[in-house]
Amino acid sequence: MPDQPSSSTRTTSDDAAVSTPPAPPARGDRPPAAGARPLVLGACAILVAAHLALRAWALYPSWFYLDDLQMLDDAERSGLGAGLLLEPYDSQFMPLGRFLAWVVTTGGDVDWALAATTTLLLHLLAAAACVWMLVVLFGARWAVVPLLALYLSSAMTLPAAMWWAASLNALPLQVAFFSSVAAWTCYLRTGRLRWLLVTLVALSFGLLGYVKALVLLPMLAAYALGWFAEGGPARRARVLARAFWPALVACTALAVAYLVHYLLRVPSLAEETSGSVAGGLAETMLGRSLSTGLLGGPWRWSDVNPPAGLADPPDLLVHLAWVALALGGLFVVLRRTGAARAWALLAAYAAASYVLLLVTRAPVVGEVAGLEYRYLSDVACAAVLCLGLAVLPLAGAPGSSRPRDTPLLLVGVGPRVLTVATVAVVVAGVVSSVLYARIWHTDNPGETYLRTTQAEFAGLGAVDVADTVVPDEVVPGYLYPFNTTVRLLPVVVDNARFPSVTDRLVALDAQGRPRRAVIDPVAVAEEGPRPDCGWAVREGRSRTVPLDDTAFDYTWWVRVGYLSSAADTVTVEVGDRTVEAPVDAGLGSLYVEVTSAVSSVTLDGLSPGTTMCVDVVEVGTAVAGGPL
């Protein structure tokens, strides 16, 4: 029996085998058109400009939140130096973020415009790095434009950008992701050490901003094994190790040095976890947030903890997103070789993000952490890379994706359908981003409170403020002591003082307005022996005023209400503290802060001829009273 004809031959009526021209490559697999480069780069530039305009609209009307102000306070107190840059923040080693926080403090008290500008510049770097990566990997072809649009429009990257402290972690990681992949590809293609050096610089930039940049090292290794070597896993590893041993040595040294520093100098982020959290986190993070975010979601946000909105996609859309992702991924696998490898790389990167969150933040805050896109922002970068690897040719890579000689699915999808689908995802991402930014624009309790404080303190001169706790919605209690006015107010105003002795004490009300302080007493003076004077204090005669109860050991404010015959100085002994304080002629009040148990107050030290009648002694906490 004669052999069957191959796909590249056909049988004529003369039984002669003649060559059949190969099928033309799919549009995305054709070499970039001559002269297309400037047009493609111009289109990319337009997309980046639109992206920056949208992010500027989101950022500039917003304001600081939680850790932002604490980082500014640290920078203001320490000043620029090794002590600030090397000091971990909340178990994060982030010298780059510390440096940018110091830069923002140079603009004056809480300069949000400058902070937003630093975020916008990082966005520009990340977008430019994405363009570089796409062009290096796939060439200056029109197919890279929709990939760029998918990254720039993704709502997955916005939550980490709106929260300024989070942006100091997330955006350097995105810059490092794209830059390291681009430089690493150049190194794998050419073997030139200068590209290895650029790769190491990009990785170091990411590590100076976020410990999660360590994930890039195994990701780059997997990328090299999957696309730049052939054969079984052991052979691939052997060939690459032999050919690129300088990279193996340098990257290992970088990782070891970083880990040693982290283990010795940085408090551990790891927390004990449980199976119940693991399952719930997988459902929220991977099942709901990631699946919808990859398609322009989540389309709806929960504002239960404003302004940090949580992904709240409708259940129906979650199911539809999974169907769309499964069908789309399977379609590409059936039509192209190497696509499954790209989806495996994306799944591995998402799994690494899940595991990191599972052993760090999730045990503390629960499965709800999975609805925070700031823990998934860099997965958007991996999605763009892996989508490109699945559907486009990778020059110089033996493992490049390519159309199957015999597709396992004969039905194809035309460019119009792909264009409509891409536009739909991009528009959905923009809509989701706008909805998220509106929460920050309209519902940031901390901004409302502290902007009110700024406005009310303007023009008051020096204000003596009682150190109290601000409302939880402004700064939650778990950030103590930064939820106290003594730590928070100096960051936003420059005329707040916190003396322990004063004759005019101020406390902030629930709206952040300065009000005359009154004492919420736990103990008060017993009635004095003189109906017309209460407790009389004269020169050379100390007077101990007993209280009706003993205030337990705590930090209290003691208010002494008096009528003095002349301006003078009085010595006050309360608890374990003795202070000298001025008194005014006439009616007045004297406030003394003390940390101890208090059962009486002793007054002494008046000048000859001065008499002070004391009819009020209160021990308690300072709370807001009437207007100043």
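Our structure is the block above this text.
The structure reproduced in this document is the subject of the present report. (Residues numbered from 1 in each chain as written. Predicted model: local features only at pLDDT ≥ 70, side-chain atom pairs only at ≥ 80, totals over all residues. Heavy atoms only, no water.)

1. Overview of the overall build of the protein
In terms of helices and strands, the protein carries 20 helices and 17 strands. Here the C-alpha atoms of the protein give a radius of gyration of 33 Å, more than 25% beyond the 25 Å that 2.2 N^0.38 yields for 628 residues. Counting only C-alpha atoms, the protein reaches 135 × 50 × 45 Å along its principal axes. Going through the 628 residues of the protein one by one, you find that 49% of them count as buried. Summed over all atoms, the accessible surface of the protein reaches about 27900 Å², with 62% contributed by carbon and sulfur. (Helix = DSSP H or I, 4+ residues; strand = E, 2+ residues; numbered from the N terminus. Rg over C-alpha atoms; globule rule 2.2 N^0.38 Å. Buried < 20%, exposed > 50% of the residue type's maximum accessible area, 1.4 Å probe, protein only. Areas by Shrake-Rupley, 256 points an atom, 1.4 Å probe, with all protein chains shown as cover.)

2. Some points on the state of the cysteines
In this structure the tally under the stated criterion is 1 disulfide. A disulfide bridge connects Cys 533 with Cys 613, and the sulfur atoms are separated by 1.9 Å. Measuring handedness by torsion sign, the sulfur bridge of Cys 533 and Cys 613 sits at about -105° and is left-handed. Highlighted residues: Cys 533 in the loop between strand S11 (514-524) and strand S12 (535-538) and Cys 613 in strand S17 (residues 611-624), separated in sequence by 80 residues. Classification of Cys 533 as buried rests on a relative accessible area of 5%. Left without a disulfide partner, Cys 130 is nearest to the cysteine sulfur of Cys 381, which lies 7.3 Å away. Cys 130 gets classed as buried once you look at its relative accessible area, which sits at 0%. Here Cys 186 is not disulfide-linked; the sulfur of Cys 251 is the nearest cysteine sulfur, at 15 Å. (Disulfide = S-S within 2.5 Å.)

3. Things to note about helix H20 (residues 485-492)
Taking burial as the measure, the 8 residues of H20 include 6 buried ones, the bulk of the element. Of the positions making up H20, those classed as buried are Thr 485, Arg 487, Leu 488, Leu 489, Val 491 and Val 492. Buried residues along H20 sit in contact with helix H2 (67-78), helix H19 (445-457), strand S8 (496-497) and strand S10 (506-508). (Contact = heavy atoms within 4.5 Å.)

4. Section: the pattern of salt bridges
Applying the stated rule across the entire model yields 15 salt bridges. For Asp 315, the salt bridge is made with Arg 288, and the minimal N-O distance between the two is 3.0 Å. Note that Asp 315 is positioned in helix H14 (residues 315-335) and Arg 288 in helix H13 (residues 275-293), a separation of 27 residues in sequence. Under the relative-accessibility criterion, Arg 288 is labelled buried at 16%. Across the pair Glu 372 and Arg 374 runs a salt bridge whose closest N-O atoms are separated by 3.4 Å. Note on Glu 372: relative accessible area 11%, which makes it buried. Given the relative accessible area of 22%, Arg 374 is considered partly exposed. The network of salt bridges with shared partners includes Asp 73, Arg 77 and Arg 487. (Salt bridge = Lys/Arg side-chain N within 4 Å of Asp/Glu carboxyl O.)

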